[in-house]
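Below, each chain spelled out in residue letters.
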Amino acid sequence: KFDFRMYILIASVNPLIVYYHDGFIRASLSKYDKYSKDRSIHFTNTHLSKKIFKLARENGTYFGMTEDELRDYQMWTMEELTEYLIEIGKVDSMDWLDSYLRYHFKKAFVHIGRMIEPYVLKSSSVFEFFGIDFMIDDNLNLWFIECNASP
């Protein structure tokens, strides 16, 4: 299980100017079980992983991985995700990243920018930074999870 943490900067609302950064992919460090009541299985929040990092540090490994290996496993780039999806046959080429995924992120960012526009101070000298979480389903449809101000 994984999700995306993306970033946008609303540089202005008069006119609306939005910049984005790819951010990173956060993989869960727990084996996914949709019936589990353990929060860490359902969330990929890096804060929840601190307990697992501590176990790896104290015991030398956690499920065969050192703390550094766990940290590398948990945080992926968009390119690493695309390579993985090619490897398992979900996408055909690296072009998918720009022609599909980033395209859909940009569309979502425009909608999010418009959605939060009424709540941002109407001044061209004011900006706001947001961390935005998404996930994709088995059919590679992009889904918005949440938007956090000043992440």
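This text goes with the structure placed above it.
Residues numbered from 1 in each chain as written. Predicted model: local features only at pLDDT ≥ 70, side-chain atom pairs only at ≥ 80, totals over all residues. Heavy atoms only, no water.

## Description of the nonpolar core
Now for step 1: In terms of nonpolar packing, the biggest core is built from 25 residues, with F4, M78, L101, F105 and F134 touching the most fellow members.
Now for step 2: Sorting the residues of this core by element identifies β1 (2-13), α4 (78-87), α5 (95-116) and β4 (128-136) as the ones contributing at least two each.
Now for step 3: Counting residues per element, this core draws most heavily on α5, at 8 residues.
Now for step 4: When near neighbours in sequence (up to four residues on either side) are disregarded, F4 contacts F24, I25, M78, L81, L101, F105, I132, D133, F134, M135 and I136.
Now for step 5: Counting residues in hydrophobic clusters, the runner-up holds 6 residues, among them I52, F53, A56 and Y62. (Core = buried A, V, L, I, M, F, W, Y, C linked by side-chain atoms within 4.5 Å. Buried < 20%, exposed > 50% of the residue type's maximum accessible area, 1.4 Å probe, protein only. Helix = DSSP H or I, 4+ residues; strand = E, 2+ residues; numbered from the N terminus. Contact = heavy atoms within 4.5 Å.)

## Considerations on α4
Now for step 1: Taken together, the buried positions of α4 are occupied by M78, L81, T82 and L85. Burial along α4 is one-sided: seen end-on, the buried residues are contained in an arc of 100°.
Now for step 2: Where α4 is buried, its residues touch β1, β2 (16-27), β3 (75-76) and α5.
Now for step 3: Following α4 by one or two positions, G89 has its phi on the positive side, about 85°. (Arc of directions from axis to C-beta.)

## Thoughts on the pattern of salt bridges
Now for step 1: What the rule picks out here adds up to 9 salt bridges.
Now for step 2: Residues D98 and R102 are paired through a salt bridge, measuring 2.7 Å at the closest nitrogen-oxygen approach. Residue D98 and its partner R102 are both found in helix α5; the two are separated by 4 residues, about one turn of the helix.
Now for step 3: Note on R102: relative accessible area 12%, which makes it buried.
Now for step 4: One connected set of salt bridges, linked through shared partners, spans D3, R5, R26 and D133. (Salt bridge = Lys/Arg side-chain N within 4 Å of Asp/Glu carboxyl O.)

## Some remarks on the packing of helix α2 (residues 50-59) against helix α3 (residues 67-74)
Now for step 1: As a packed pair, α2 and α3 sit with axes 8 Å apart at the nearest point and diverge in direction by 150°. Taken together, α2 and α3 sit at an angle that is classed as roughly antiparallel. Packed against α2, whose contacting residues are I52, F53, A56 and R57, the element α3 presents E67, L70, R71 and Q74 at the interface.
Now for step 2: Here the residues of the contact of α2 with α3 are counted per class, giving 4 nonpolar, 1 polar and 3 charged. (Axes fitted to C-alpha atoms, helices over the stretch in contact; angles between N-to-C directions. Parallel < 35°, antiparallel > 145°, perpendicular 65-115°, else oblique. Nonpolar A, V, L, I, M, F, W, Y, C, P; charged D, E, K, R; others polar.)

## Observations regarding the packing of aromatic side chains
Now for step 1: Under the definition given, this model contains 13 aromatic pairs.
Now for step 2: When the ring of F2 is compared with that of F4, the centres are 5.8 Å apart and the planes differ by 80°; the resulting orientation is edge-to-face.
Now for step 3: Since its relative accessible area comes to 0%, F4 is described here as buried.
Now for step 4: Consider the rings of F109 and F134, whose centres lie 5.9 Å apart with planes at 65°: the pair is edge-to-face. (Phe/Tyr/Trp six-rings, centres within 6.5 Å; stacked < 30°, edge-to-face > 60°.)

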